[in-house]
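For reference, the chains in residue letters:
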Amino acid sequence: MLLTAELLLNYQRCSRRAFLDVYGDVDQRDPPNDYLLKLIQDSREHQQVVLGARAVHRPHYSAGDLVTGSQTTLALMQQGVEQIYQGVLLAEGGEDVTLVSIPDLLVKHPGKSIFGDWLYVPTEIKLGKRPKLEYQITVAFHVQVLAAVQGAWVENAWLFLREKGMYAVDLWEMLPRMQAILAECIEMLRQPQEPEVFIARNRCNLCHWFNHCYGIARERQHLSLLPGVTPPRYQQLQLLNLTSVEALASTNPKALEPLPGFGSETAQKLVRQAQATQDNQAIALPTVFATNPMPPTTKSAKPALPLHSLPTATVELYFDIEAEPNLDLVYLHGVLVVDRLLQTQQFYPLLAERPEQEEQIWQNLLDLLWAYPDAPIFHFCPYEAQTVERLASRYGTPAYRVKPLLPRFVDLHEWVTQSVTLPVESYALKPIARWVGFNWRNPAANGAQSIFWYAQWLSTGDRTYLNAILDYNEDDCRATHQVKDWLANFLQKIEPTGVLDCSA
Ligand code: SF4
């Protein structure tokens, strides 16, 4: 069995992924999506920038021929070349296991090794800005394999990060951690048992097994599809044999309260979530019936929302931003102006066709928001309000132009999550809007895809990409509008039982 740094990295994210990478049916893997391809391309470009004018040697071998790769790398090391780019290092990793390390750079330093008075120190080049633990574990892995190849341990090893540059990995701390993870990974891969599926959006979204795993999870109505069921909570539920939506829905929350990581609020939330999912029904939260002002929520420590007074006005704005975090760039402000009196809806896409136009579209946005000085500005999640404050600071916008806008922002995500439990797999805009009956023109469009389209527009000049972004952004605004109308309707109609079948 070949155990690569990439496999070890994937194991840290999800043991099932590492298992499937070794034993899974490749036909069940998803093809790389556009966003992933963009990340790979960005990463390559970043490496080229870092390498710059460095004179590096690259071992020549056919793709997949690791033995030849390791032999040519060894020959370069024996010659004592200064820098080797993506050399191949192989070492024994125990019975039937070969460790494969391909560090981005091996840099020659003075020291003793089997080659003579020099040794090599690894550097891993990463597109990320932070020295994530998993990156540091990867570097420690390279160090261990390199030690076996050159017969000497290094004292230093490096990450090269975007913007921050060189970061020294603490090998005293990372080597034992890496060795423990490596041992666990090998142990898991020796078992015939496929690790159980567990859908966690933040780690599964970019995984090439996603559709395979998601299909299994849907078929089994796996509890990981319930918002709030985290891996540690799932373990606790398993101990109580509560592994189905039905079982959880009929549980008394009191029975869950003492479990580690639960407590009264979480216990009630999970049971209510299971009930909503089982019955495909929206359930009003008890706080909806409380008298205002309500106590602060424990999570946000902010005053709870006055739930029967979701702002409604003659003119309402629905606002959604498209941004490229890697470039720290906002390239589109989409605003849907809904005039309930005139019964009109007008979408305004304020688009930066070039990154330099960010300031111009910011000023255009301010003009538009001020053209409707009394209109509430609905958005989904805090990002839009935060970005407005950030852009104001970036462009030195006077306080009188920005401060009066901020109280007009209404975060619908906060309203939804503080007022209702929905039969959805996540409280992101898409699942909620879909549940209330909204359909995106392009069902596959998402924020990551929009970033890819914008990059394609910049490199090709093909307006098809811009049009795709505008359609997607407009649909996000319209989806937010539909969710707002649904919620306003729900809050008006709920019965004291707290339940109303508002499925679309
Ligand atoms: S989709 Fe999720 S559960 Fe499945 S292998 Fe990938 S990360 Fe693991």
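What you see as residue numbers is a count from 1 along each chain, following the sequence as written. Since the coordinates come from a predicted model, pLDDT governs what is reported: local features require at least 70, and pairs of side-chain atoms require 80 or more to be given and counted, while whole-chain, interface and lining totals use all residues.

A.B. asks: For this particular structure, what's the right way to read the overall build of the protein chain?
C.D. replies: Regarding its fold elements, the protein chain presents 19 helices and 16 strands. Overall size of the protein chain, expressed as C-alpha extent along the three principal axes, is 80 × 55 × 40 Å. Exposure classes come from backbone-placed C-beta atoms, where a residue is buried if 20 or more other C-beta atoms lie within 10 Å of its own, exposed if 12 or fewer do, and partly exposed in between. Residues classed as buried in the protein chain amount to 33% of the 504 residues present. Helix and strand definitions here come from DSSP, where helices need a minimum of 4 consecutive H or I residues and strands a minimum of 2 consecutive E residues; each element is numbered from the N-terminal end.

A.B. asks: Sorry if this is basic, but what is going on with the nonpolar core here?
C.D. replies: Generally speaking, nonpolar side chains in soluble globular proteins are found buried as a group. Nonpolar cores are built from buried Ala, Val, Leu, Ile, Met, Phe, Trp, Tyr and Cys residues. These are joined into a set through C-beta atoms within 7 Å. Counting 53 residues, the largest nonpolar core has L317, I432 and V483 as the members making the most contacts within it. In terms of residue count, the dominant contributor to this core is helix α19 (residues 463–493) (nine residues). Counting residues in each nonpolar core, the second largest holds 46 residues, with L3, Y11, L106 and W209 among its members.

A.B. asks: Would you mind going over the sheet that holds strand β12 (residues 344–351) with me for this structure?
C.D. replies: Remark on secondary structure: sheet strands pair via backbone hydrogen bonds, oriented parallel or antiparallel. The strand order across the open sheet built from five strands is β12-β11-β10-β13-β14, with neighbouring strands paired in mixed fashion. Here the strands that pair on one side only, and so sit at the sheet edges, are β12 and β14 (409–411). Put simply, the sheet's adjacent strands are angled 25° from each other on average, direction ignored. When DSSP finds two or more bridges between two strands, those strands count as paired. The pairing of strand β11 (residues 329–339) with β12 spans eight bridges and is classified as antiparallel. Paired with D339 across the bridge in β12 is T344. Two residues qualify as being in contact provided that their C-beta atoms, derived from the backbone, are within 7 Å of each other. Here an angle of 0 to 180 degrees is reported between the N-to-C directions of two axes, which are lines fitted to C-alpha atoms, with helices fitted over the stretch in contact. Together, β13 (377–379) and β14 form the strand contacts of helix α16 (residues 412–419), whose direction differs from that of β14 by roughly 40°. Lying on the sheet, α19 is in contact with β10 (315–324), β11, β12 and β13; it crosses β11 at an angle near 45°.

A.B. asks: Explain the domain arrangement of the protein chain to me, please; I cannot follow it from the model alone.
C.D. replies: Often, the extent of an interface is quoted as the loss of accessible area upon association of its parts. Considered domain by domain, the protein chain is made up of domain 1 (2–190), domain 2 (201–282) and domain 3 (307–500). Each domain's extent was defined by an automatic or database domain assignment. Taking only C-alpha atoms, the centre of domain 2 and the centre of domain 3 are 30 Å apart. Between domain 2 and domain 3, the contact holds ten residues from the first and ten residues from the second. Ranked by residue count, the leading element in the side of domain 2 that touches domain 3 is helix α12 (residues 263–279), at four residues. In this classification, the charged set is Asp, Glu, Lys and Arg, the nonpolar set is Ala, Val, Leu, Ile, Met, Phe, Trp, Tyr, Cys and Pro, and all remaining amino acids, among them Gly, are polar. Across the side of domain 2 that touches domain 3, the residue classes break down as four nonpolar, four polar and two charged.

A.B. asks: Would you take a moment to explain the site of the ligand for this structure?
C.D. replies: Around the ligand, the surrounding shell holds 13 residues, and the nearest of these are C14, R17, C204, C207 and C213. For the shell around the ligand, the secondary structure elements donating two or more residues are α2 (15–23), α7 (201–204) and α8 (210–219). Examining the composition of the shell around the ligand, we find that three residues originate from one element, α2, more than from any other. A breakdown of the residues in the shell around the ligand according to their chemical character gives ten nonpolar, no polar and three charged. Only the C-beta atom matters for nearness: placed from the backbone, it must lie within 6 Å of the molecule or strand for the residue to count as near.

A.B. asks: Where do I start with the pairing of strand β6 (residues 116–125) in this structure?
C.D. replies: Regular strands place their side chains on alternate faces of the sheet. Here strand β5 (residues 105–113) pairs with β6 via seven bridges, running antiparallel. Paired with P110 across the bridge in β6 is W118. The turn joining β5 and β6, which pair antiparallel and follow one another in sequence, is formed by two residues. The pairing of β6 with strand β7 (residues 158–161) spans three bridges and is classified as parallel. Paired with T123 across the two strands is W158, which belongs to β7. With its strands directed away from the observer, a crossover is right-handed exactly when the path from the first strand over the helix to the second travels clockwise. Chirality of the crossover, the property in question, places the unit of β6, helix α5 (residues 133–150) and β7 among those that are right-handed.

A.B. asks: It is not clear to me how α2 should be interpreted in this structure. Could you clarify?
C.D. replies: Because each turn of an α-helix spans 3.6 residues, side chains separated by three or four positions end up pointing in the same direction. Here α2 has its buried residues at R16, R17, A18, F19, L20 and D21. In this fold, the buried residues of α2 make contact with α1 (5–13) and α6 (171–190).

A.B. asks: Even after reading the chapter, I still don't get the sheet that holds strand β8 (residues 165–168), so can you show me in this structure?
C.D. replies: As summarised here, the arrangement of the five strands in space is β2-β5-β6-β7-β8, forming an open sheet in which the pairing is mixed. Lying at the two open borders of the sheet, with one neighbouring strand each, are β2 (83–85) and β8. Looking at each pair of strands side by side, their axes are set apart by 35° on average, direction ignored. Bridging between β2 and β5 involves three bridges; their strand directions are antiparallel. The residue bridging I84 from the neighbouring strand is L106, located in β5. In the packing of α5 onto the sheet, the strands contacted are β5, β6 and β7, and the crossing angle to β6 comes to about 155°.

A.B. asks: Please clarify how the environment of D475 should be interpreted in this entry.
C.D. replies: Relative to the assigned elements, D475 resides in helix α19. Ignoring sequence-local partners within four residues, the contact set of D475 consists of W440 and R441.

A.B. asks: Is there a simple way to explain the packing of α2 against α6 in this structure?
C.D. replies: When two helices pack together, their arrangement is given by the angle between the helix axes and by the axis-to-axis distance. Contact pair α2 / α6: the axes reach a minimum separation of 10 Å and the direction vectors enclose 55°. For the element pair α2 / α6, the angle class is oblique. With respect to the hand of their crossing, α2 and α6 are arranged in right-handed fashion. Between α2 and α6, the residues in contact are S15, A18, F19 and V22 and C185, M188 and L189, respectively. By residue class, the composition of the contact of α2 with α6 is six nonpolar, one polar and no charged. With respect to orientation, any angle under 35 degrees is reported as roughly parallel, any angle over 145 as roughly antiparallel, any angle of 65 to 115 as roughly perpendicular, and every other angle as oblique. Left-handed describes a crossing whose near helix is turned anticlockwise from the far helix by less than a right angle; the clockwise case is right-handed.

A.B. asks: Teacher, can you tell me more about α16 here?
C.D. replies: Every buried residue belonging to α16 is among L412, W415, V416, T417 and S419, and all of these are buried. Those residues of α16 hidden inside the fold are in contact with β9 (282–284), β13, β14, β15 (420–421), α17 (429–435) and α19.

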